[in-house]
Amino acid sequence: MAEREQQHVRVAVIGSGFGGLGAAVRLRRQGITDFVVLERADSVGGTWRDNSYPGCACDVPSHLYSFSFAPNPEWPRNFSGQEHIRAYLERVTDTFGLRPHIRFNAEVRGLRWSNSALHWEIETASGALTADVVVSATGPLSDPKLPDVPGLGTFPGKVFHSARWDHDYDLRGKRVAMIGTGASAIQIVPAIQPEVSRLTLFQRTPPWVLPRADRKISAVEKWLHTKVPATRAARRGLLWGIRELQVSAFTKRPNVLGLIEFLAKNHMRKAIKDPGMRAALTPDYRIGCKRILLSNTYYPALARPNVDLVPAGLTEVRGATLVAADGSETEADAIVFGTGFHVTDMPIAQRVTGANGTTLAEEWKDGMAALRGASAAGFPNFLTLIGPNTGLGNSSMILMIEAQLNYMVDFLRQLDVLGGKIALTARQSAVDEWTRKIQRRMERTVWNTGGCDSWYLDANGRNTTAWPGTTAEFKKVTRQVDLAEYEVLRPPGAAVGTSGSARAEVAV
């Protein structure tokens, strides 16, 4: 045990979802085997392990929602379910020999940068270790967000978040309250509606919902994708290209989205015949301002006789009685919160202490900011996957992850080229300039101009989550590390320049 607590690795990766496993694969392919993956749970999968609620599935086509280096010709549907995506990640783990590197039940409790040793000191639930470089792949959809509802503690029934579904609790015949109308809720509602006695949906803001072009992938298609890989690549390329062409509507010309709104309203009219209900379900903001949702079953489920729509948020709980903002009251046996995640205030940020003795959460109190979505000033040799302003509204996050993995690999290469005990820390000026450019481009996007309050925005109303461009553009700007944007740190007394300084200026 003592040896394990003193372990030192070159790279420590936090999390074993798509980001963490992708990082592990890339490290091994670069010949780097001196690394660990720290996982708080007892299995891999990240958000696709945690979100196992009824009806859980991806809203990005399967052949685009997978690693380019690990294609899967056997996807069963155009939009695969949670169980298939989790199984895919398990196969990736085994195919690339990652399990020996993974430390399960090792939740990271704290990371502290040592200015003298130029490494990270890491405390986990399974012991301590140190690492030259830390790659945080915890992801923005990992920690559920529960609203502070007065009286919730007095509720006598069952309460859980969609990302922590209680499979031991039988919903059959129960009066269930669903709180929220996001991506999880529109999948849960039609999945549980047939079995509950009454389902009450508390809707604070209605979402825009489009048809879901889902179907089984035929045996012929699977055979063709297996035997002729070019067909699989062509399918992926077509799916990617269509979404790249859509980007300008979100980022530069939101007004052209009016046609999409017409299609969404028509989709609703086919299932919702009551004019009053249609009015309550029609958003008053531009489509795309919040994430566009895909479902063929959501509206039909809402039209069923055992479903009630409350067009207001939950404001109070009085025992088994739920009170909405419009004053209406509902009796319930169970409450399911589909209220999202800590996206702009990720809990991991509270556990990371940088070179200045402040936490990442403290540095980000006015908004998340990281150079090229990866490097925060004051946190040497610390890279974030799916960091600030790397989120997408219409395409696959796996494309963004792979772009950041390219950046991670080049970051490690630069450390090798510079040689010796060394670290790289993003210059504050470089982070500020990158952030200014991003926010300037964000001003005309639908996320900022569409008239909604979404999880893309932080507490200050600034969009620190979305990427205002194409995935091709992001891949280009993260292809390699620009040393002019970094400062080089060496051990005290070994720095180039002023004697005794831990900093060395790099002229590029």
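This text goes with the structure placed above it.
Residues numbered from 1 in each chain as written. Predicted model: local features only at pLDDT ≥ 70, side-chain atom pairs only at ≥ 80, totals over all residues. Heavy atoms only, no water.

## Some points on empty space enclosed by the protein
- Evaluated as defined, the whole model comprises 4 cavities of 30 Å³ or more.
- Estimated volume of the largest cavity: approximately 60 Å³.
- If you trace the largest cavity, you find 13 residues lining it, with S136, T138, M346, I348 and T384 closest to the centre.
- Quantified by volume, the second largest cavity comes out at close to 50 Å³.
- Every residue along the wall of the second largest cavity is listed here: V247, F250, T251, L392, G393, N394, W447, W467 and G469.
- Of all the elements, helix α7 (residues 229-251) adds the most residues to the lining of the second largest cavity, at 3 residues.
- The residue inventory of the lining of the second largest cavity, partitioned by class, reads 5 nonpolar, 4 polar and no charged. (1 Å grid on protein atoms, 1.4 Å probe; cavity = no way out; pocket = protein on both sides within 12 Å on 5 of 7 lines; lining within 4 Å. Points joined across faces, edges and corners; volume = space filled by probe spheres on them. Helix = DSSP H or I, 4+ residues; strand = E, 2+ residues; numbered from the N terminus. Nonpolar A, V, L, I, M, F, W, Y, C, P; charged D, E, K, R; others polar.)

## Section: a nonpolar patch on the surface
- Where nonpolar side chains cluster on the molecular surface, the patch consists of W223, L224 and V228 and spans about 280 Å² of accessible area.
- Tracing the backbone shows V228 in the loop between α6 (219-227) and α7.
- The exposure class assigned to V228 is partly exposed, which follows from its relative accessible area of 34%. (Patch = residues over 30% accessible without salt bridge, like charges linked within 9 Å, V, L, I, M, F, W, Y side chains within 5 Å. Areas by Shrake-Rupley, 256 points an atom, 1.4 Å probe, with all protein chains shown as cover. Salt bridge = Lys/Arg side-chain N within 4 Å of Asp/Glu carboxyl O. Buried < 20%, exposed > 50% of the residue type's maximum accessible area, 1.4 Å probe, protein only.)

## Some remarks on the state of the cysteines
- This structure, assessed with the given rule, holds 1 disulfide.
- With no disulfide of its own, C56 lies 8.8 Å from the sulfur of C58, the closest cysteine sulfur.
- C56 sits in the buried class, given a relative accessible area of 8%.
- Of the residues examined, C58 reaches a relative accessible area of 4% and is grouped as buried. (Disulfide = S-S within 2.5 Å.)

## Structural notes on unusual backbone geometry
- Phi angles above zero are rare outside glycine, and N105 is one such case at about 55°.
- Within the secondary structure layout, N105 lies in the loop between β3 (102-103) and β4 (108-114).
- Note on N105: relative accessible area 46%, which makes it partly exposed.
- Phi angles above zero are rare outside glycine, and N389 is one such case at about 55°.
- Tracing the backbone shows N389 in the loop between β18 (382-384) and α12 (397-418).

## Considering the sheet that holds strand β15 (residues 329-331)
- Spatially, β13-β14-β15 is the arrangement adopted by the 3 strands of the open sheet, whose pairing is antiparallel. In this open sheet, the two strands that pair with only one neighbour each are β13 (314-318) and β15. Taking the axes of each pair of neighbouring strands and ignoring which way they run, one obtains an average angle of 25° across the sheet.
- As paired strands, strand β14 (residues 321-324) and β15 are joined by 3 bridges and run antiparallel to one another. Across the sheet, residue V323 finds its bridge partner in β15, namely E329. (Pairing = 2+ DSSP bridges. Axes fitted to C-alpha atoms, helices over the stretch in contact; angles between N-to-C directions.)

## Quick look at the nonpolar core
- Residues F18, F67, L302 and M408 are the most contacted members of the largest nonpolar core, which totals 113 residues.
- Residue contributions to this core peak at 13 residues, all from α12.
- When sequence neighbours within four positions are dropped, the list of residues in contact with L302 reads V189, L201, I272, M277, L281 and V307.
- In terms of nonpolar packing, the next biggest core, distinct from the first, is built from 28 residues, A12, I14, L111 and L118 among them. (Core = buried A, V, L, I, M, F, W, Y, C linked by side-chain atoms within 4.5 Å. Contact = heavy atoms within 4.5 Å.)

## A few points about the layout of surface pockets
- For the second largest pocket, the calculated volume is near 830 Å³.
- Listed by contribution, the elements that provide at least two residues to the lining of the second largest pocket are α7 and α8 (258-271).
- Counting residues per element, the lining of the second largest pocket draws most heavily on α7, at 9 residues.
- Grouping the constituent residues of the lining of the second largest pocket by class yields 19 nonpolar, 8 polar and 7 charged.

## Let's talk about the packing of helix α2 (residues 18-29) against α12
- At a minimum axis separation of 10 Å, α2 and α12 run at an interaxial angle of 40°. The pairing of α2 with α12 is recorded here as oblique in orientation. Viewed along their axes, α2 and α12 form a crossing whose handedness is right-handed. Packed against α2, whose contacting residues are F18, G19, G22, A23, R26 and L27, the element α12 presents I398, I401, E402, L405, N406, M408, V409 and L412 at the interface. (Parallel < 35°, antiparallel > 145°, perpendicular 65-115°, else oblique. Left-handed = near helix turned anticlockwise from the far one by under 90°.)

## Notes on the pattern of salt bridges
- Evaluation of the coordinates by the stated rule reveals 24 salt bridges.
- Among the salt bridges present, the one from D132 reaches K421, with a minimum N-O distance of 3.0 Å. Of this pair, D132 sits in strand β6 (residues 127-136) while K421 sits in the loop between α12 and β19 (423-426), and the two are 289 residues apart along the sequence.
- Taking the relative accessible area as the measure of exposure, K421 reaches 36% and is therefore partly exposed.
- Ionic pairing is found between E473 and R441, a salt bridge with its closest N-O pair at 2.7 Å. A residue pair is termed long-range when its members are at least 10 positions apart, and E473 in helix α15 (residues 471-477) and R441 in helix α13 (residues 428-442) qualify at 32 residues.
- Exposure remark for E473: the relative accessible area of 28% places this residue in the partly exposed category.
- A single salt-bridge network, built from bridges that share partners, covers E39, R49, D50 and R164.

## A few points about the environment of V135
- Locating V135 in the fold gives a position in strand β6.
- Once the C-alpha coordinates of V135 and A23 are considered, the two residues, 112 residues apart in sequence, prove to be 8.1 Å apart.
- Ignoring any residue separated from it by four or fewer positions in sequence, one finds V135 in contact with V11, A12, V13, I14, L383, L385 and M408.

## Brief notes about the sheet that holds strand β12 (residues 307-310)
- The 5 strands are arranged β7-β16-β8-β9-β12 in an open sheet whose pairing can be described as parallel. Of all the strands in the sheet, the pair left with one neighbour each is β7 (158-161) and β12. Pairwise comparison of adjacent strand axes, ignoring direction, gives a mean angle of 15° for this sheet.
- Taken together, the 4 bridges between strand β8 (residues 175-179) and strand β16 (residues 334-337) define a ladder with parallel strand orientation. Bridge pairing in β16 places A177 opposite I335.
- Against the sheet, helix α5 (residues 185-192) makes contact with β8 and β9 (198-202), and its axis sits at roughly 165° relative to β8, the strand it touches most.

Functional significance is not addressed by these values, which are geometric in nature.
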